[in-house]
Amino acid sequence: MKFKKLGNTDEQLSAIGLGCMGMSFAYGPTDEQESINTLHRALDLGINFWDTADMYANGENEKLISKVLVPNRDKIFIATKFGFRFKDGKASHSGAPGTYFDGSPEWIRKAVDLSLQRLKIDTIDLYYAHRVDPNIPVEETVGAMAELVKAGKVKYLGLSEASAESIKKANKIHPITALQSEYSILTKDVEKEILPTIRELGISLVPYSPLARGLFANITEVQNLGDDDFRKSLPRYQQEYLENNTKLANEINEFAASKGVKGTQLALAWVLNQGDDIIPIPGTKRIKYLEENVAAVNIDLSQSDLDTIDSILKKYPNVGERYSEGSMKLVNN
């Protein structure tokens with residue numbers, strides 16, 4: 001495993017982390033024992049950066065992770081997030097009618113204690129605001145988060161899907177160590193303003209969905225995704241964009257095969273190639289895919305390779321939005 005420095009800290013994190021959401025939530029059927037085996041294998045492979053959130057299955061993902069985290073606490077840098085809440089207590093995705101965002105200081109103080117209890121640890125290494133609450137000044141949210149650092153409950157602070165303006169405001173209140181946002185060969189929004197801003201401030205980018213939510217692995221199996229699979233509701237998997245994305249995925253996969261790798265590995269290598277301050281967290285609940293992801297760390301892409309990927313993307317521009325309209329309202333605030 002290769003390692004990268006996290007933001008302005010001395011922390012050395014694995015070049016890729018592990019997104020744990022799918023082990024409990026959003027991506028179809030789950031298998032607790034298989035997930036636990038995958039977590040152990042992640043440790044074997046040197047992946048020391050794990051990511052979860054209190055909204056994933058309404059806290060159940062944090063509980064699952066605790067079973068491997070607690071006996072291996074000194075080997076794992078754990079990140080979790082707060083903010084999304086459910087009106088009826090039933091876990092759902094960010095754009096669902098029963099889901100709302102709460103970035104209030106009052107909720108932050110409760111949320112951190114609940115996460116600590118579920119994770120069964122004393123300190124969270126990296127604590128993110130899962131979004132920026134449009135109804136509360138980001139300075140208030142980060143001010144309350146800073147109190148958690150003083151109290152020893154949290155080491156470092158992060159934001160997720162925040163605008164460049166919000167990042168600057170937040171960083172004046174307390175140093176922001178990482179920004180978690182979607183970033184992949186299909187989702188490059190952060191390149192315009194956000195990436196230059198965080199680089200100026202010494203903040204690491206932690207891309208989630210760096211594999212474009214498995215598009216290159218699953219594009220031919222969209223019809224087989226269950227109703228409990230979050231991706232089925234995404235525009236990119238809808239008929240209007242499906243034809244475009246099927247052609248795009250097939251061509252990316254063909255190019256990857258010509259290099260002796262899989263399309264998912266090529267997509268992950270592309271993200272890794274964007275800078276040493278970028279630490280993607282591809283999610284998986286299976287050892288097979290975990291091992292494939294780790295292999296991407298050692299894939300070198302030439303300028304010619306990058307140019308070829310760009311040319312394929314330009315041929316199929318109609319990829320669709322990454323989220324539903326409701327979810328997009330909470331992005332880039």
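Here the residue index of a chain counts from 1 through its sequence in written order. Only residues with pLDDT of at least 70 get local features here, since the model is predicted, and only at 80 or more are side-chain atom pairs given and counted; chain-wide, interface and lining totals rely on the full set of residues. As a rule here, side-chain values come from all non-hydrogen atoms in the structure, and water together with hydrogens is ignored.

Undergrad: So what about the overall build of the protein? Which residues, and what values?
TA: When you go through the protein residue by residue, the secondary structure sums to twelve helices and eleven strands. Partly exposed describes any residue whose relative accessible area lies between the buried limit of under 20% and the exposed limit of over 50%, with all areas from a 1.4 Å probe on protein chains only and scaled to the type maximum. The buried share among the 333 residues of the protein stands at 60%. Any two residues having at least one pair of non-hydrogen atoms within 4.5 Å are treated as being in contact. Counted over contacts in the protein with a minimum sequence separation of 6, partners at least 24 positions apart contribute 75%. Calculation of accessible area relied on Shrake-Rupley with a 1.4 Å probe; when residues are assessed, cover is drawn exclusively from the protein chains displayed. Of the accessible surface of the protein, which amounts to about 14000 Å², a share of 46% is contributed by carbon and sulfur atoms. Strands here are runs of E lasting at least two residues and helices are runs of H or I lasting at least four, both read from the DSSP assignment and numbered beginning at the N terminus.

Undergrad: Before we move on, could you go through the pairing of strand β8 (residues 124–129) and cite the residues and values that matter?
TA: Within β8, six of the six residues are buried, which leaves it mostly tucked inside the rest of the structure. Only strands joined by at least two bridges in the DSSP assignment are considered to pair. With four bridges connecting them, strand β5 (residues 77–82) and β8 associate as parallel partners. Its bridge partner lying in β8, Phe82 is registered against Ala129. Alignment of β8 against strand β9 (residues 154–160), held across five bridges, turns out to be parallel. Within β9, the position partnered with Ala129 by the bridge is Leu159. Every crossover in which the path from the first strand over the helix to the second runs clockwise, viewed with the strands pointing away from the viewer, is termed right-handed. Each parallel crossover has a hand, and the one from β8 via helix α4 (residues 138–150) to β9 is right-handed.

Undergrad: Explain the sheet that holds β9 to me, and be specific about the residues and the numbers.
TA: Overall, parallel pairing links the seven strands, which are arranged β3-β4-β5-β8-β9-β10-β11 in an open sheet. The open sheet has two edge strands with one neighbour each: β3 (18–19) and β11 (204–208). Bridge count for β9 against strand β10 (residues 176–182) is four bridges, and the pairing is parallel. By the bridge assignment for β10, Ser160 is matched with Gln180.

Undergrad: Explain the packing of aromatic side chains to me, using residue names and the numbers behind them.
TA: To pair, rings of Phe, Tyr and Trp, with the six-membered ring standing in for Trp, must have centres within 6.5 Å; the planes then decide the type, stacked if under 30 degrees apart, edge-to-face if over 60, and tilted in the middle. All told, the structure shown has five aromatic pairs when counted by the stated rule. Considering the side-chain rings of Phe49 and Phe77, the 5.8 Å spacing of their centres and the 70° angle between planes classify their relative orientation as edge-to-face. Residue Phe49 is found in strand β4 (residues 49–51), and its partner Phe77 is found in strand β5; the two are separated by 28 residues along the sequence. Residue classification places Phe49 among the buried residues on the basis of a relative accessible area of 0%. Using a relative accessible area of 5% as the deciding quantity, one classes Phe77 as buried. When the centroid spacing of 6.2 Å and the interplanar angle of 25° are considered together, the rings of Phe77 and Tyr156 count as stacked. Placement of the pair is Phe77 in strand β5 and Tyr156 in strand β9, with a sequence separation of 79 residues. Here the aromatic cluster, defined as three or more aromatic residues joined through ring pairs, consists of Phe49, Phe77 and Tyr156. Directly above the ring of Trp107 sits Arg85, whose terminal nitrogen or CZ lies 3.6 Å from the centroid. A ring is scored as having a charge over it whenever the NZ atom of a lysine or the CZ atom of an arginine sits within 6 Å of its centre and within 35 degrees of its normal.

Undergrad: Lay out the pattern of salt bridges with the relevant residues and their values.
TA: Any two side chains of opposite charge can pair if their charged atoms end up close together. In what follows, salt bridge is the name for a side-chain nitrogen of Lys or Arg lying within 4 Å of a carboxyl oxygen of Asp or Glu. Under the criterion given, the structure shown has 17 salt bridges. For Glu32, the salt bridge is made with Lys67, and the minimal N-O distance between the two is 2.5 Å. Residue Glu32 is located in helix α1 (residues 32–44), and its partner Lys67 is located in helix α2 (residues 60–69); the two are separated by 35 residues in the primary sequence. For Lys153, the salt bridge is made with Asp113, and the minimal N-O distance between the two is 2.9 Å. On the criterion of sequence distance, the pair formed by Lys153 in the loop between α4 and β9 and Asp113 in helix α3 (residues 105–119) is long-range, its members being 40 residues apart. Lys153 gets classed as partly exposed once you look at its relative accessible area, which sits at 26%.

Undergrad: Let's hear about α4: which residues, and what values?
TA: Take the number of residues in a helix, subtract one, and multiply by 1.5 Å to get its expected span. In this model α4 runs 19 Å from its N-terminal to its C-terminal C-alpha over 13 residues, within 8% of the 18 Å that 1.5 Å per residue would give. Taken residue by residue, α4 has Val138, Thr141, Val142, Ala144, Met145, Ala146 and Leu148 as its buried positions. Structurally, α4 contributes buried residues whose contacts are with β5, α3, β8, β9, α5 (164–173) and β10.

Undergrad: Hey, could you go over the pairing of β5 for me, with residue numbers and the actual values?
TA: Taken across its six residues, β5 has six buried, putting it largely inside the fold. Burial along β5 is two-sided: the face carrying Phe77, Ala79 and Lys81 and the face carrying Ile78, Thr80 and Phe82 are both buried. Note on the crossover from β4 through α2 to β5: the handedness is right-handed.

Undergrad: A description of the packing of α1 against α2 should follow, citing residues and the corresponding values.
TA: To obtain each axis, a line is fitted to C-alpha atoms, and for helices this fit is confined to the stretch in contact; angles are then taken between N-to-C directions over 0 to 180 degrees. Interhelical geometry of α1 versus α2 gives an angle of 45° and a closest axis separation of 10 Å. Between α1 and α2, the angle falls in the class oblique. For the pair α1 and α2, the crossing hand works out as right-handed. In this structure, α1 uses Glu32, Ser35, Ile36, Leu39, His40 and Leu43 to contact α2, whose residues at the interface are Leu64, Ile65, Lys67 and Val68. The residue classification treats Ala, Val, Leu, Ile, Met, Phe, Trp, Tyr, Cys and Pro as nonpolar and Asp, Glu, Lys and Arg as charged. All others, Gly included, are polar. Grouping the amino acids of the contact of α1 with α2 by side-chain chemistry returns six nonpolar, two polar and two charged. What sets the label is the angle itself: under 35 degrees gives roughly parallel, over 145 gives roughly antiparallel, 65 to 115 gives roughly perpendicular, and the rest give oblique. We call a crossing left-handed when the near helix sits turned anticlockwise from the far one by less than a right angle, and right-handed when that turn is clockwise.

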